[in-house]
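Listed below are the residues making up each chain.
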Amino acid sequence: MLNRNKTSRRQILKAALGGAALSVAPGLLKYAKGAASDFKIGLFIPLSGPAALFGPSAKNCGELAIDVVNKSGGVLGRQAKLYIADAGVPPAEAAKSAMRLMLSEKVDLMVGNHDSAVRQAIVGAVKGKVPYVYSPVYEGGECSPNVFMLGETPQQQLKPTIPYFAKTKGVKNYYLIGNDYVWPRITNKLAKQYISAAGGNVVGEQYIPFGPANKFESAVTRIKSAKPDLVVITLVGGDNVNFNRTFAEFGLHKNITRVASLLEENTLMGIGAASSSNLYSSMAYFANIDSTENKAFVSSYKAKFGAKAAVLNTLAESNYAGITFGSALVNKAGSTNASKLAATAEGFTINTPTGSVTMRNRHTDKNMFLAECMGTQFSVAKVFNNVASGQTCT
Amino acid sequence: MGSFLGRSVILLVGLFTLPTLFGDFWAYQLGLYFLYSIAALGIGICWGQAGFLPLGQAMFLGIGAYLSGFSLIHFHDSAWLFLLLPSAAIAPGLLAFFFGLLIFRGRVESGPYFALITLALSLLTFQVATSWVEVTGGFNGLGGIPGLPGIAGFKALYYVIATVLTISVCGVAWLVKSPIGVIWRGIAENEPRLTFFGYDTPLLKALAFGISGLLGGIAGVFYAPHQGLVTPNLAGFILSAELLIWTAVGGRKTLMGPVIGAILVGSLTAELRDVVPVWELMIAGLFICVVLFMPKGIAGWPEQLFRRIFSHSRQEEKVTLAARGILTAPKLELSGCSLSLGSVGILDNLSFQIDEPGIYCLIGPNGAGKTSTFNAITGAVYIQSGTIQLDGERMSGLLPNNVALRGLGRKFQVPSIFPNLTIAENLLVAVWGGRCSLKDLFSYKPLNWSSTIITDLREKFPFLNQDENSANELSHGEKQVLELAMSLLGEPRLLLLDEPCAGLSPEETEKVIETVHWVRSTFDTTIMVIEHDMALVKDIADQVIVMHQGQVLTIGSVQDVQKDIRVKEVYVGVSI
Amino acid sequence: MDPIALTIALNVVYEVTTLFVIVLGLAIVFGLLRVMNLAHGEFIMIGAYSAYFCQDQGWPYITAIPFALIIAAVVGYLIEFTLIRHLYKRPFDTLLVTWGLSILLRELIELVYGKGFQSLSNPIPGSVNILGEPYPSYRALVMVIAVVSAIVLWAWYRRSLTGARVKAMVENTELAQAVGIRVDRLARHTFVVGTCFGALAGVMLAPLTRVEPFMGLDYILTSFFVLVVGGIGTLLGLTAGAGVIGGVQSVVANLFGETSGYFGVLLIAILFLWLKPNGLVSRS
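Residues numbered from 1 in each chain as written. Chains lettered and ligands numbered in written order. Predicted model: local features only at pLDDT ≥ 70, side-chain atom pairs only at ≥ 80, totals over all residues.

When its secondary structure is counted, chain C shows eleven helices and two strands. Taken from N to C terminus, the helices and strands of chain C fall in the order α-α-α-α-β-β-α-α-α-α-α-α-α. Taken against the 2.2 N^0.38 rule, which gives 19 Å for 284 residues, the C-alpha radius of gyration of chain C at 19 Å falls within 12% of a compact globule. Considering only C-alpha atoms, chain C reaches an extent of 60 × 45 × 35 Å along its principal axes. Here chain C holds 284 residues, and 54% of them are scored as buried. The contacts of chain C with a sequence gap of at least 6 include a subset with a gap of at least 24, amounting to 73%. (Helix = DSSP H or I, 4+ residues; strand = E, 2+ residues; numbered from the N terminus. Rg over C-alpha atoms; globule rule 2.2 N^0.38 Å. Buried ≥ 20, exposed ≤ 12 C-beta atoms within 10 Å, placed from the backbone. Contact = placed C-beta atoms within 7 Å.)

Attention shifts here to the overall build of chain B. When helices and strands are counted, chain B shows 23 helices and twelve strands. Put simply, chain B has 576 residues, and 53% of those count as buried. Considering only contacts in chain B between residues 6 or more positions apart, those separated by 24 or more positions represent 77%.

Turning to the interface of chain A and chain C, a few remarks are in order. Taken together, the contact pairs 27 residues of chain A with 26 residues of chain C. Those elements that place two or more of their residues in the side of chain A that touches chain C are β7 (201–208), α8 (217–226) and α9 (237–249) of chain A. Considering each element in turn, the side of chain A that touches chain C owes the most residues, six residues, to α8 of chain A. Residue composition of the side of chain A that touches chain C, grouped by class: ten nonpolar, twelve polar and five charged. (Nonpolar A, V, L, I, M, F, W, Y, C, P; charged D, E, K, R; others polar.)

This brings us to the sheet that holds strand β1 (residues 39–45) of chain A. All names here are of chain A. Taken together, the five strands give an open sheet; going across it, the order is β2-β1-β3-β4-β5, and neighbouring strands pair in parallel fashion. Across the chains shown, the open sheet's two edge strands, defined by having one partner strand only, are β2 (80–86) and β5 (147–149). Strand after strand, the sheet turns through a mean of 20 degrees between neighbouring axes, direction not considered. In this structure, strand β3 (residues 109–112) lies alongside strand β4 (residues 132–134), joined through three bridges in parallel fashion. Residue pairing across strands places M110 opposite Y132, the latter belonging to β4. On top of the sheet, helix α2 (residues 55–71) reaches β1 and β2; it is set at about 165 degrees to β2, its chief contact. (Pairing = 2+ DSSP bridges. Axes fitted to C-alpha atoms, helices over the stretch in contact; angles between N-to-C directions.)

Residues and elements named next belong to chain B. Examined at the domain level, chain B breaks down into domain 1 (2–310) and domain 2 (332–570). The C-alpha centroid of domain 2 is placed 42 Å from the C-alpha centroid of domain 1. Taken together, the contact between domain 1 and domain 2 spans 16 residues of the former and 27 residues of the latter. A class-by-class count of the residues in the side of domain 1 that touches domain 2 yields seven nonpolar, five polar and four charged. (Domains from an automatic or database assignment.)

On to helix α6 (residues 161–169) of chain A. All names here are of chain A. Buried within α6 are the following residues: T161, I162, F165 and A166. In a view along the axis of α6, the buried residues occupy a sector of 140 degrees, so they form one face of it. Exposed residues lying more than 90 degrees from the buried face of α6 are K167 and T168. On its buried face, α6 is in contact with α5 (154–158), α7 (182–197), β8 (230–234), β9 (257–260), β10 (279–283) and β13 (363–374). (Arc of directions from axis to C-beta.)

All names here are of chain B. For helix α11 (residues 257–272), spanning 16 residues, the distance from its first C-alpha to its last is 21 Å, which sits close to the expected 22 Å at 1.5 Å a residue. Most of α11 sits out of view: twelve of its 16 residues are buried. Listed as buried for α11 are G257, P258, V259, I260, G261, A262, I263, L264, V265, G266, S267 and E271. On its buried face, α11 sits against α2 (24–49), α7 (153–177), α10 (237–250) and α12 (279–293). (Expected span 1.5 Å × (residues − 1).)

This brings us to the environment of E372 of chain A. Residue and element names in this part refer to chain A. In this fold, E372 is placed in strand β13. It is 20 Å that separates the C-alpha atoms of E372 and D239, two residues lying 133 residues apart in sequence. Sequence-distant contacts of E372, defined by excluding residues within four places in its chain, comprise Y280, S379 and A381.

Take the environment of F523 of chain B next. Tracing the chain through its elements places F523 of chain B in helix α20 (residues 506–523). Linking F523 of chain B and E491 of chain B, residues 32 residues apart in sequence, is a C-alpha distance of 8.3 Å.

On to the packing of helix α3 (residues 58–75) of chain B against helix α4 (residues 81–106) of chain B. Residues and elements named next belong to chain B. Running from amino to carboxyl end, α3 crosses α4 at an angle of 160 degrees, the nearest separation of the two axes being 9 Å. The pairing of α3 with α4 is recorded here as roughly antiparallel in orientation. The chirality of how α3 crosses α4 is right-handed. Facing α3, whose interface residues are F60, I63, G64, L67, S68, S71 and F75, α4 presents L81, L84, L85, A88, A89, A91, P92 and A96. Taken together, the residues that form the contact of α3 with α4 break down as twelve nonpolar, three polar and no charged. (Parallel < 35°, antiparallel > 145°, perpendicular 65-115°, else oblique. Left-handed = near helix turned anticlockwise from the far one by under 90°.)

Think of two packed helices as two axes; the pair is described by the angle between the axes and how far apart they sit. All names here are of chain B. Relative orientation of the contacting elements helix α8 (residues 179–195) and helix α16 (residues 423–432) amounts to 105 degrees, with a least axis distance of 11 Å. In terms of axis orientation, α8 runs roughly perpendicular to α16. Of the residues in α16, those touching α8 at P179, V182, I183 and G186 are E425, L428, V429 and W432.

A few words now on the confidence of the model for chain C. For chain C, the average pLDDT comes to 86, and 99% of its residues sit at 70 or higher. Predicted as a complex, the structure gets a pTM of 0.84 and an ipTM equal to 0.82. (pLDDT = per-residue confidence, 0-100.)

Our focus in this paragraph is the sheet that holds strand β3 (residues 344–354) of chain B. Residues and elements named next belong to chain B. Ordered in space as β3-β2-β5-β6, the four strands form an open sheet in which the pairing is antiparallel. Of all the strands in the sheet, just β3 and β6 (393–394) have a single pairing partner and so form its edges. By the bridge criterion, two bridges tie strand β5 (residues 385–390) to β6 in an arrangement that is antiparallel. Residue pairing across strands places L390 opposite E393, the latter belonging to β6. Across the sheet, helix α14 (residues 370–378) touches β2 (332–341), β3 and β5, and the angle it forms with β3 is around 70 degrees.

On to the pairing of β5 of chain B. All names here are of chain B. Two strands pair when backbone bridges link them, and β2 and β5 are joined in this way by five bridges, in the antiparallel orientation. Across the sheet, L334 pairs through a bridge with I388, a residue of β5. From the end of β5 to the start of β6, which pair antiparallel, there are two residues, and D391 there has a positive phi angle of about 55 degrees.

Attention shifts here to the pairing of strand β12 (residues 551–556) of chain B. Residue and element names in this part refer to chain B. With five bridges joining them, strand β11 (residues 543–548) and β12 adopt antiparallel strand pairing. Within β12, the position partnered with H548 by the bridge is Q551. The loop that links β11 with its antiparallel partner β12 comprises two residues; one of these, Q549, has a positive phi angle of about 50 degrees.

This part takes up unusual backbone geometry. For residues that are not glycine, phi is negative in most cases, and the peptide bond is trans in most cases. In this structure, Q549 of chain B takes a positive phi of about 50 degrees despite not being glycine. Residue Q549 of chain B is classed as partly exposed on the basis of its C-beta count, with 15 C-beta atoms lying within 10 Å. Backbone geometry at L131 of chain C places phi at a positive 55 degrees, although glycine is not the residue there. In this fold, L131 of chain C is placed in the loop between β1 (127–130) and β2 (133–136).

This paragraph deals with the environment of K568 of chain B. With respect to the helices and strands, K568 of chain B occurs in helix α23 (residues 565–570). Spatially, the C-alpha atom of K568 of chain B lies 35 Å from that of A404 of chain B, the residues being 164 residues apart in sequence.

What follows is the structure in structure tokens.
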């Protein structure tokens, strides 16, 4: 090798420059840290992945909530500021985002709207160091310290609903289909209890992998051969859309009723009017619920985001509730200290667009709505008042 | 050796200072990417060194992580962990080794099929991890994994991981520099040639794959306590793909390339992915450029620097191996050998015998089957009927490396060497074949071997002294001579030369013929030579075997053959 | 006929025929040109997004076909001209470069449409009665189109002059060049035809699946498995591969669930890769 000395000097220089760049890079990345006096709220919403269709409305509701909170004086006298992270990524990635929010952005409160796998990853990473409000529908059972659940539980969704169908439609045979992860599995476990209490039979149970773009011809065919009266659906997002469309295209909707545990406005639009007859949804919020609080909520949403904004739904509304609830709780407790928050939380009541909710055992008792799909609109068929969450966390 | 250790300490100290420089979050982030870079080192060995592409590297990370997580959950605070955790790292390595053996012994070339198999296996692992809910926790993964005993929190774990990274880099540096590294690079360039030197290349590739699995497993073992959660995505396609891209962009052929790629590109992607929307686009473009134009990646230039840090000086004693002297004369017997490809007959009931040492020239018109005869003898092709025996032992059906180990050497018609290895390395590869046990390949000692044959050949052909030059800088004639030299270094009892003077100038030809005579007289080797030039045949042949249409036409001395009318007829138009 | 058995049978036919259409583009590019085009799934994605675009604009669904074809042709031409054409003799590098390309294309779509998925409405909703049982109309149409195109393609390849030229180029490139066939142009056109078929598959399948940037991944993996099992280079091999993989996937899924179906496909692919890598119908 001839120019040994020259080459090595050049390379040392390159390596030094590289090292300098590397050391400066993290400094450059301390962007958008915001003023130290802000009350920082980290918000996890699904921007990618199977639940991404809930993303835009969730983001809007988050921003709306921050406005509302700041208009009434902020949190602990400080202005609230939103930091958004993608919860549609694999759980391990979400955990890393949580670590970043905690260590780098130093958020004071986290609010999350995502599936349980991501929740468990985040809770495992944060380990209670920052209060965490988990707002969407879920399977129950979360009791980690400094975590507060607002969403519908299977008890709330199915305990009143199944006897309702047994009574009004004479349903005897039930088929359970859901994505293959913890929420559908626990929901179905509880569903079976309610079904046998109502005198019914489970004629089939199916789990669809969570992730790949699934085809539902075989799933629908298996349901067809089982001949149920009612299908209880715990599919999510794109799978929910495709399943319901395939179901109707195979003609099964004529004789078989469906009730879904996570069917909101966006999913219904995807399903389409041709496939939505005889389809019900059991949730704590629908955008067209006829109450003064909801009407005010919807009009302030439309005022801020326009008439063509992403459609309101229960998950997005839960984001709104999560931030307003979390801020109110911190304000009442006077700090973000975990034990103070826990003490204040029990029995804490706030008003939401669907009425008042009360926190017990870090879960919320609330009103539940069973809606029938008319074309691409929901029409509330039955209201169940102040349904208990059925959760115990000592 | 001392300098080796000293330089690794420098790396270690450097890594240790990073958390104080960059803060808590980077201690967490870098810890994770150090682990990924350990797994990426494995890709560097398979792809950068040995030349086959593992598309499923993450599967070993995942397996190691699940085993580690499971052990930590069920056996935490128990002494069993001292056994279980290392096993969690070794298990994927063993799995990889056995898979490698299975796959490589099935087909000779690695090719893209190996890549697809590893991809399918990684998908299978992902699917098993997702479906086997009772053990792996299913899609949600295995959560609540406690930390390593005595090490609380990711900050303390950072230092452990940095140490493990340094040790892994040292280990890989050792391998890359040692004889097995040279052989791996030879496999990447010209695997079939290596088999003719006696190397069991499937085994060596399986070893590389096994080591990459071990590296993945090591990364996985520390991943579980660091993250506290192991999900099926850790074993899946997307992470495998990312590891591959980081390795490529970092520079797969360099030692630190995979590490730099994983740490720099990986962590920057994690940071900038949401901030700079075109970041992933740029990385994809960079990846394409790297594949096409810069196999050394971004670490290519600093690599010289690092190689200085990790290389060891070769000022050690050269060990000159003495030649084995006069060898037992081989008895080669071919009887009734036939071979056809489709409807084209290549060898047709070919039979002849060689009982005594000497130089036998194999001649015949084009298409007579001369090279095919060599192929059949060395095991490059399998005859469909008939037998080939060496010293009474059946050779037909043996793999080329087993044939070579029985004392056969071969020189190919088109020079078949290792262009990107140095001349010294080319010669060493030939010397090691048949002499080096597997254990020897991991020690540095064979790097200093030489042979009296090399010494003699260097006198005849001075260009062989240019140790450090890359072999593809040689002229065609020099490459021919280099390959001839290499074929001699195994000290074969039976040497097959396929047109050794093809494309040589008259002076070069004279030297080669002189060398052939020298080999014959010094070692009493039996030599078979395929030649077209009758003047050369007259010069060297003791006996001439004339072939025609896959059969032996006649055998005899040069004069006998010259007088034979049948031979003249076969060579219509060529004056003898 | 037992309605369930009939439905299952129709599902299997649907699976096999759609798989045929999905893999066709790759069969052309990999089978004839030996280019391992890992971006094949992204061309299907391009077709699907083209269809989404057309539907979003309010145009009738049929307009998606020429629209997707134009885009796929342009992109395919560019790719072949700038990158692939240098790599015909380097299978490893084509694998890696096309993979980098797939990421590139995915990121481009993500920049324009975001990561979330789009839902297309079914151009032909409702069901038709097949032997007395309702079956989704659009799926039935897809099956018919797939079978018809297979027959047409087969007939064309056997009879036409271009088909003969392509065969010559594949068998013996130097000889084909010597006879005056413009091999480089023919290769380029063949590549573009392959990418166009990919986009067409995307247009056909878009209403039936999630349209999102990552949709190509599933298709590419399954496509390679089909080709490995069936054998590359012949339409018969493609049909055999689609039959085996599609059949196994569908039958197992109908009986035991989607996950088992997926396992079945993976295991068969691994076995073939290991033991019979030339597939069922090898071209010798």
